[in-house]
Amino acid sequence: MKVGVIGTGNMGENHVRTYLSMPDACQLIGIYDNDKKRSNHIAKKYNVKPFQSVDELLQTVDAVSIAVPTEFHYEVGLACIRRNVHMLMEKPITSTIAQAKDLLHKASKAGVKLQMGHIELFNPFIQYLRKELEHEKIVGVIFKRLSPGDEKMKQVDVVKDLMIHDLYILHALLQDNTFEFYALGEVNENTPKHAVVITKSSQGVTAQLTASFKSKKKLRDIQILTENAFIEADILNRKIKITRPFIEHTNNIPVPVTHTIKIDPSLQPLSVELLDFIQCAKSKAEPSVSGEEGLKALILSNEVSEHIRNQNNNG
């Protein structure tokens, strides 16, 4: 399978490095970035070919990772469809819902596979958590996804950049697309930078999601309350603490017992994701995380962002 990477920023570079680590699964043909200085730097660093145009690269590959800024997703996606090149699209799928629907329609018509880069769903940590919850009745969930902001993030919506991950994780945990929600936060230059969402699913599960570029510390935490357990998941440190009641035979009183699980860090989520994408492209199977899932995540994140803007404008 011949692959390429379009966009060589931080995430794109991760894709380059990961593809190169899987020579048995694929051959990285080259890269493209409209920033020639960045493209040449990555090309020299990893000894790969820098192409002069998107179309030139697409003529030589079977599949690509698209890691360009969101406003170019639609344009690059259409170019892939014209060349019948399968694509893994980093989130969010496109800038607008209309673009996403058009891209999905045209990709389906052309037989081009579009897999979403919802990387947390390929994280062995999240996969373990989902398995642990299979036989649990969830009562409530709290997500915290915080990062320090910088000048480069000035125009970046924290909902579409950070919270979107927890929105699709919540859907995966609950298998429920119907949510009532209330959102509020801080907006700078019409762009949400700190966001809090309180939501209730159709099953009655409550959740609170916080995403922020205002933090001095990077944090990726999930707390889950079930009928029989309390689960604390630290994604960054790959540690899960599970507290359950233990009945002592002597007095028949439940005593809380906590055990800790460390998830093996050697299996990286991006490696799992790209191997899955390559297999999807080779077998022409349906993507594990489809473009339709990307559309759902975009619709929900758009609604959350708009709600926050309205709250600030009305305030």
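For the structure itself, consult the block above.
Source: prediction; values computed, not measured.

Trainee: Please clarify how the nonpolar core should be interpreted in this entry.
Mentor: Here is a general trend for soluble globular proteins: nonpolar side chains tend to be buried in one another's company. Grouped together as the largest cluster of nonpolar side chains are 93 residues, with contacts concentrated most on Tyr19 and Ile222. Per element, the largest residue contribution to this core is 11 residues, and it comes from helix H7 (residues 158–174). Excluding its chain neighbours within four sequence positions, the residues that come into contact with tyrosine 19 are Val3, Gly4, Val5, Cys26, Leu28, Val64, Ser65, Leu274, Phe277 and Ile278.

Trainee: Would you explain the sheet that holds strand E13 (residues 239–247) in this entry?
Mentor: Sheets are built from strands that pair by backbone hydrogen bonding, the pairs being arranged parallel or antiparallel. Here we have eight strands laid out as an open sheet, ordered E8-E9-E10-E7-E11-E12-E13-E14, and mixed in their pairing. What marks the edges here is a single partner per strand, and that holds for strand E8 (179–188) and strand E14 (254–262). The average angle at which neighbouring strand axes cross in this sheet is 15°, direction not considered. In this structure, E8 lies alongside strand E9 (residues 191–201), joined through 10 bridges in antiparallel fashion. Bridged to glycine 185 within E9 is alanine 195. Against the sheet, helix H6 (residues 124–132) contacts strand E11 (214–226), strand E12 (230–234), E13 and E14, and its axis sits at roughly 20° relative to E13. Along the sheet, H7 contacts strand E7 (138–148), E8, E9, strand E10 (206–212) and E11; its crossing angle with E7, the most-contacted strand, is approximately 155°.

Trainee: What's the story with the pattern of salt bridges in this structure? I'm lost.
Mentor: Close approach of charged atoms allows side chains with opposite charge to pair. Under the definition given, this model contains 15 salt bridges. Across the pair glutamate 286 and lysine 113 runs a salt bridge, and its minimum N-O distance is 3.0 Å. Of the two residues, glutamate 286 is situated in the loop between helix H8 (269–283) and helix H9 (291–314) and lysine 113 in the loop between helix H5 (97–110) and strand E6 (114–117); the sequence distance between them amounts to 173 residues. A relative accessible area of 62% places glutamate 286 in the exposed class. With a relative accessible area of 13%, lysine 113 lands in the buried category. In this structure, aspartate 157 engages arginine 309 in a salt bridge whose closest nitrogen and oxygen atoms are separated by 3.7 Å. Linking aspartate 157 in the loop between E7 and H7 with arginine 309 in helix H9, this pair joins segments that are 152 residues apart in sequence. With respect to burial, aspartate 157 and arginine 309 carry one shared label: buried. Beyond isolated ion pairs, a larger network of salt bridges with shared partners links Glu13, Arg38 and Lys45.

Trainee: Can you help me understand the sheet that holds strand E2 (residues 27–32) in this one?
Mentor: One open sheet holds the six strands; their spatial order is E3-E2-E1-E4-E5-E6, and the pairing between them is parallel. Both edges of this open sheet fall to strand E3 (49–50) and E6, since each of them pairs with a single strand only. Bridge count for E2 against E3 is two bridges, and the pairing is parallel. Paired with glycine 30 across the bridge in E3 is lysine 49. Against the sheet, H8 contacts strand E4 (63–66), strand E5 (86–90) and E6, and its axis sits at roughly 150° relative to E5.

Trainee: Can you help me understand the pairing of E12 in this one?
Mentor: For a regular strand, side chains alternate in direction, first toward one face of the sheet and then toward the other. Because side chains alternate across E12, one face comprises the buried residues Ile231 and Ala233, and the other comprises Phe230, Glu232 and Asp234, none of which is buried. Pairing of E11 with E12, which is carried by five bridges, proceeds in the antiparallel orientation. Considered in E12, the bridge of aspartate 221 is made with aspartate 234. The antiparallel pairing of E11 with E12 creates a hairpin that spans three residues between the two strands. The pairing of E12 with E13 spans five bridges and is antiparallel. Note on E13: the bridge partner recorded for aspartate 234 is lysine 239. Linkage of E12 to E13, two consecutive antiparallel strands, is achieved through a turn of four residues, within which arginine 238 is found at a positive phi near 55°.

Trainee: Mind showing me how you'd approach the state of the cysteines here?
Mentor: A covalent bond between the sulfur atoms of two cysteines is referred to as a disulfide. Across all of its chains, the model carries zero disulfides by this definition. Cysteine 80 takes part in no disulfide bond, and the closest cysteine sulfur, belonging to cysteine 280, lies 14 Å away.

Trainee: How should H6 be read in this particular structure?
Mentor: Each turn of an α-helix holds 3.6 residues, which means side chains three or four residues apart point in the same direction. Buried within H6 are the following residues: Pro124, Phe125, Ile126 and Leu129. Contacts made by the buried residues of H6 are with H7, E11, E12, E13 and H8. Capping of H6 at its N-terminal end is provided by asparagine 123; its side-chain oxygen lies 2.9 Å from the backbone amide nitrogen of phenylalanine 125.

Rules of the game
Residues numbered from 1 in each chain as written. Predicted model: local features only at pLDDT ≥ 70, side-chain atom pairs only at ≥ 80, totals over all residues. Heavy atoms only, no water. Core = buried A, V, L, I, M, F, W, Y, C linked by side-chain atoms within 4.5 Å. Buried < 20%, exposed > 50% of the residue type's maximum accessible area, 1.4 Å probe, protein only. Helix = DSSP H or I, 4+ residues; strand = E, 2+ residues; numbered from the N terminus. Contact = heavy atoms within 4.5 Å. Pairing = 2+ DSSP bridges. Axes fitted to C-alpha atoms, helices over the stretch in contact; angles between N-to-C directions. Salt bridge = Lys/Arg side-chain N within 4 Å of Asp/Glu carboxyl O. Disulfide = S-S within 2.5 Å. Polar contact = N/O pair within 3.5 Å; in protein donor to acceptor, adjacent residues only side chain to side chain.

In short, shape yes, function no, at least from these values alone.
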